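Geometric and topological summary
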Amino acid sequence: MKINLQPTLSGQLVKLRPLAEEDYQSLYTVAADPLIWAQHPAKNRHEEQVFQTFFAESLASGGALSILDAADERIIGSSRYWGYDAQNSEIEIGWTFLSRACWGGVYNREIKHLMLQHAFRFVTNVIFLVGYDNIRSQRAVEKIGGLRVGSKPDDFGESSYIYRITAAAFTG
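Heads up: these notes are all about the structure in this document. (Residues numbered from 1 in each chain as written. Predicted model: local features only at pLDDT ≥ 70, side-chain atom pairs only at ≥ 80, totals over all residues. Heavy atoms only, no water.)

1. Some thoughts on the overall build of the chain
Within the chain one finds four helices and eight strands. Counted from the first residue to the last, the chain has its helices and strands arranged as β-β-α-α-β-β-β-α-β-α-β-β. Computed over the C-alpha atoms, the radius of gyration of the chain is 15 Å, within 12% of the 16 Å expected from 2.2 N^0.38 for a compact globule of 172 residues. In terms of principal-axis extent, the alpha carbons of the chain reach across some 40 × 35 × 30 Å. (Helix = DSSP H or I, 4+ residues; strand = E, 2+ residues; numbered from the N terminus. Rg over C-alpha atoms; globule rule 2.2 N^0.38 Å.)

See below:
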């Protein structure tokens, strides 16, 4: 069965759907907050020219999702599936960012729960790459059951921890 990298997923708080070109302005409105990127390797992603590149890469990835608030369908962030590896039955979830109004765990927990539930229909391992300095994201991945299993450079050449959640350990 071929994995669908851009599903539409719905929960009580959020709806995830394929990222679309017309999402740019709404998503940039969220991403323009410099505090969102403070612990991220791309600390300047709040700058529009930098965000334009990120957005184009997201569209080109074929796995990017817009995150909408289920109550009013406004865009509150984005996430992505990446690096599907059939041989190792693995996929990465990452590039997630949320409006600061949605920080605190409950939104992220539901987003990741929906994405993990979908991924485990196709793979047995989901990985997350988290920068050494990104303590907030490390704690968020640990809260949803991610176990640190190693490290490697990310796309920026920065050292990142590898976290893994297996289908067997997922309580979804």
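Structure's up, so let's keep going.
2. Re the packing of aromatic side chains
The final tally for this structure, using the stated rule, is 13 aromatic pairs. With centroids separated by 6.4 Å and ring planes inclined at 90 degrees, the aromatic side chains of F51 and F97 adopt a geometry described as edge-to-face. Highlighted residues: F51 in helix α2 (residues 48–61) and F97 in strand β5 (residues 90–98), separated in sequence by 46 residues. F97 shares its class with F51; the two are buried. Among the aromatic residues, those joined into a ring-pair cluster are Y24, Y28, W37, F51, F54, F55 and F97. One Lys or Arg, R136, reaches over the ring of W103 and ends 4.1 Å from the middle of that ring. For the cation-ring pair, R148 lies above Y161, with the distance from its terminal atom to the ring centre recorded as 3.7 Å. (Phe/Tyr/Trp six-rings, centres within 6.5 Å; stacked < 30°, edge-to-face > 60°. Buried < 20%, exposed > 50% of the residue type's maximum accessible area, 1.4 Å probe, protein only. Lys NZ or Arg CZ within 6 Å of the ring centre and 35° of its normal.)

3. Considerations on the environment of L5
Topologically, L5 is positioned in the segment before β1 (9–10). Given a relative accessible area of 23%, L5 falls into the partly exposed group. Taking C-alpha positions, L5 is 14 Å from I67, a pair spaced 62 residues apart along the chain. Aside from chain neighbours lying at most four places away, what touches L5 is G62, G63, L65, Y81 and I91. (Contact = heavy atoms within 4.5 Å.)

So, to be careful, I would describe these as geometric facts and stop short of saying anything about function.
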